[in-house]
Every structure is written in C-alpha cells, then in structure tokens.
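# Descriptive structure summary
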Amino acid sequence: MARKMKAVQVRQAGGPLELIERDIPEPGPGQVRLAVEACGVCHSDSLTKEGGMPIQYPRVPGHEVVGRIDRVGAGVTAWKEGQHVGVGWHGGHCGQCAACRVGDFITCEFEQVCGISYDGGYAEYMIAPQEALARVPDGMNSQDVAPLLCAGVTTFNSLRNMDVRPGDLVAVQGIGGLGHLAIQFSRKLGYRTVAISRGADKRPLALELGAHEYVDTEQGPVAKALQKLGGARVIMMTASSSRLAGELIGGLGRNGTLLLLGAGAEPIPIQSPRLIMKRQRVQGWPSGNPQDSQDTLAFSALSGVRSRNEVFPLDRAADAYERMMSNHARFRVVLKMR
Ligand SMILES: NC(=O)c1ccc[n+]([C@@H]2O[C@H](COP(=O)([O-])OP(=O)(O)OC[C@H]3O[C@@H](n4cnc5c(N)ncnc54)[C@H](OP(=O)(O)O)[C@@H]3O)[C@@H](O)[C@H]2O)c1
Ligand SMILES: [Zn+2]
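Throughout this description, residue numbers start from 1 for each chain and increase along the sequence as written. Chain letters and ligand numbers both follow the written order, the letters beginning at A and the numbers at 1. The model is predicted, so local features are restricted to residues of pLDDT at least 70 and side-chain atom pairs to those at 80 or more, both for listing and for counting; the totals for chains, interfaces and linings are taken over all residues. As a rule here, side-chain values come from all non-hydrogen atoms in the structure, and water together with hydrogens is ignored.

We now examine the sheet that holds strand β13 (residues 232–237). Pairing between the strands of a sheet comes from backbone hydrogen bonds, and it takes one of two forms, parallel or antiparallel. Think of it this way: DSSP has to see at least two bridges between two strands before they count as a pair. Secondary structure follows DSSP: runs of H or I at least 4 residues long count as helices, runs of E at least 2 residues long count as strands, and numbering of each begins at the N terminus. Strand order in the open sheet made by the six strands is β12-β11-β10-β13-β14-β15, with parallel pairing throughout. Strand pairing shows two members of the sheet lacking a second neighbour, β12 (213–216) and β15 (281–284), which therefore form its edges. Taking each pair of neighbouring strands and ignoring which way they run, the sheet shows an average axis angle of 20°. In this sheet, strand β11 (residues 192–197) lies alongside strand β10 (residues 169–173) in parallel orientation, the contact comprising five bridges. Pairing of Val 172 across the sheet is with Ala 195, part of β11. In this analysis, two residues are considered to be in contact whenever any of their non-hydrogen atoms come within 4.5 Å of each other. Fitted lines through C-alpha atoms serve as axes, helices being fitted only where they are in contact, and the angles separating the N-to-C directions of these axes extend from 0 to 180 degrees. Helix α4 (residues 151–160) rests against β10, β13 and β14 (252–260) of the sheet, and its axis sits at about 155° to β13.

This is how it looks when you write it as structure tokens:
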C-alpha cells in the first residue's frame, strides 16, 4: 500500500486551505521527489488560493520550498538522493524554445510555476522537475533559506539588474516579506537605502534592517519626501496599489526607475512630461531562475542577509496564510514540515 503524507490544498479558487492526507507521489522521468523541510508563505500564493492564473484545481500552493531529495526519477543524472535543494516560483522550463536556447529560462514559452502549474510545497513531499532545483549551500538552515527562494531572489535579482551604482538612493516601499529582505540587500549592495511604509511603528524595524532613512507615507506626500533626499535612482514597490505606484513616480530622480514587484489591478496614472524630461522609466521584474536563486543564497550567506520568520507547523497553514494576508507577519511566515 502507498505511504501517505499530509498536504494542504485549495479545492477551488476562493476555497479554504484544507489539510488532507494523500499518497506520497512518485517522481516521473526527469523529476525528483523532495522531502519538504520548510516552505515560505508568499503573498503570490493568493493567486493559487483566490484564482487569477489558469490553474487546475485542487492545487497545493507553495513556491518557497526547501528539502532533501528523497528519490530521483528515470534519467536524472545531475542530482542525488540526500542533496539539500530548493524550488522557487520558476518551477521549470522546456530547455528547447528560443528563449531557453539562449539561457533565458525565465521567459521560457512553457515556463512552469511551482504551486500553480503543479503541486507546491505546502506538503510533506513534493515532485519537482530537475531543472527547477537550486542547490542550498552547506550549513544553511531550511527555514532560513525558504523565503530567499522567492522573496529573496525577486528583490536581489531585480536590484542587481538595475542601472544603479553604490551610493545611489534606493527606496523600498512596503516592509513585508519581500521588502524586509530588499532593505537588507540594498544596504549590503552599497546603496543609500530608504524604507517606505505606513505609520511610525515600522521605523525602528526598518532602521534595524539597514535602512539609512525612513519615510512614513502617513506624514505627507511620499514623492516630496524622496525629492528632499535627492530623488531615487530606484524605487522598488512591493505593494499592489496602482494609485501608490503613480505617486511614487514623483519621487524618482533623473534616470530613475520605478521597479514594480507587486502588481495592482488598476492602470497606473503617469505624468508623461516629467517621465520624459527626467529620462525615467517604469519596469516590472519576475523573480529569477534557479541560478539566480543560488546566487541569492550565496550572497545572503556572504553578507549576512537573513529572513526574519514566524514559523508555523503545516497543520496551521490556514492561520499562517491569514497572518501574512492581514499584514501582521514580521516579516515572513514559514511552514515547517520536519
Ligand atoms: N515580481 C515577482 O516576481 C514577485 C515575487 C513575489 C511576490 N510578488 C508580489 O509582491 C507583493 C509583495 O509580496 P510579499 O510576499 O512581500 O507580501 P507581504 O509580505 O504581504 O508584503 C506586502 C507589503 O506591502 C505593503 N502594503 C500592502 N498593502 C498596501 C497598500 N494598500 N498600500 C501601501 N502599502 C501596502 C505592506 O507594507 P507596509 O506595512 O510596510 O506598508 C506589506 O507588508 C505581492 O503582490 C506579491 O504577489 C511578486
Ligand atoms: Zn513568491
């Protein structure tokens, strides 16, 4: 008889996160099975929970997954049982399309998303395609690593690809899962770092994470505050508010970029003359590939960037998700399986 495992699934868009028992899955050709040790709860898991992408339900969410390889499928030669690995948002690619042929796996025509295209890490075991795996450096703990596989790689990889130099002003809007890592990365990469949040309570936390300055959006127009600091070279936005995105553009300096990581549903209001005269731009960025994840882990280990986590057992995934969605988490919620 097949061995059973615990998993947390969404039966249909908008449905609850429900704890279930199901057979431990077997890896097919080119796949591995992970004994999951930890999985971060990302705001993007709301796409699985609430709908918003083409998803076949029931679906197990979770794309900040860390575990040990427990079994390898036929044809897998690059990975062995027992290896410590992670899987992020980018959950696989075809290796054959025009983008993959030039190594641009993140725009693969057949990109798979972990926890959306196939079952993710809110479970004791998970199947992943071999090309989705990132190696975890020796000595790193699974709970610490999990948030780096989406929140971490998205902020580190986007920032390192911006047109920005040490000493420039970088602002990070929203101090949640992504934002609290972005502040640390920005500081460690040598930028003058401004944290932007709502209210005074996050000021000490932001400064402790490495921000040089703190802007409270409840104390006046955010654009004015950023202009007073000289205008930002990059503003990384992690909230999903299009109205706020429009306001933040006013805080950019010459050649500045508004970097959108959180997606709002409405169109963004943009004053184009200013954008033109100041040579500014608005840019989005999607996560990164497994090599980007490995780079993120290596940089984090090297520079001491660390996710601050609240840890929940898998059985309490619904509470963990609610804690994140209600903006109470300080700063990432992580599920622990073993
Ligand atoms: N581009 C990508 O590849 C990528 C990857 C991962 C996640 N995401 C997206 O990025 C966003 C952030 O994810 P996360 O996991 O960091 O979420 P999170 O932990 O919930 O943090 C989001 C933060 O945004 C701020 N915020 C929320 N609502 C706001 C509002 N109405 N106005 C102003 N600020 C608001 C809050 O910060 P304060 O309390 O400090 O104001 C909150 O902590 C989500 O939309 C997620 O789907 C994108
Ligand atoms: Zn994510």
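To continue, consider unusual backbone geometry. For the peptide bond that leads from Tyr 57 to Pro 58, omega is -5°, which places it in the cis range. For Arg 279, which is not a glycine, the phi torsion comes out positive at approximately 50°. Tracing the sequence through the fold places Arg 279 in the loop between α9 (272–277) and β15. Residue burial is assigned from relative accessible area. The probe radius is 1.4 Å, only protein chains are included, and a residue is buried under 20% of its type maximum, exposed over 50%, and partly exposed in between. The exposure class assigned to Arg 279 is exposed, which follows from its relative accessible area of 53%. Phi is positive for Asn 327, which is not a glycine, with a value near 65°. On the secondary structure map, Asn 327 appears in the loop between α11 (317–325) and β17 (332–336). By relative accessible area, Asn 327 is classed as partly exposed at 35%.

Donor atoms are limited to N, O and S found within 2.8 Å of the metal ion, a distance that becomes 3.2 Å for Na, K and Ca. With water left out, some sites might look partial. Taken together, Cys 42 (SG), His 63 (NE2) and Cys 150 (SG) make up the full set of protein donors to the zinc ion (ligand 2), lying 2.0 to 2.2 Å away. Counting residues between consecutive donors of the zinc ion (ligand 2) along the chain gives the motif C-x20-H-x86-C. Residue Cys 42 is located in the loop between β3 (31–41) and α1 (45–50), and its partner His 63 is located in the loop between α1 and β4 (65–72); the two are separated by 21 residues in the primary sequence. Taken individually, Cys 42 and His 63 each receive the classification buried, so the pair is uniform in this respect.

With that out of the way, let us pick up the environment of Phe 185. By the secondary structure assignment, Phe 185 is in helix α5 (residues 177–188). With relative accessibility at 0%, the residue Phe 185 sits in the buried group. When the C-alpha positions of Phe 185 and Val 305 are compared, they lie 6.8 Å apart, and in sequence the two are 120 residues distant. Aside from chain neighbours lying at most four places away, what touches Phe 185 is Leu 148, Gly 152, Thr 155, Phe 156, Thr 296, Phe 299, Ser 300 and Val 305.

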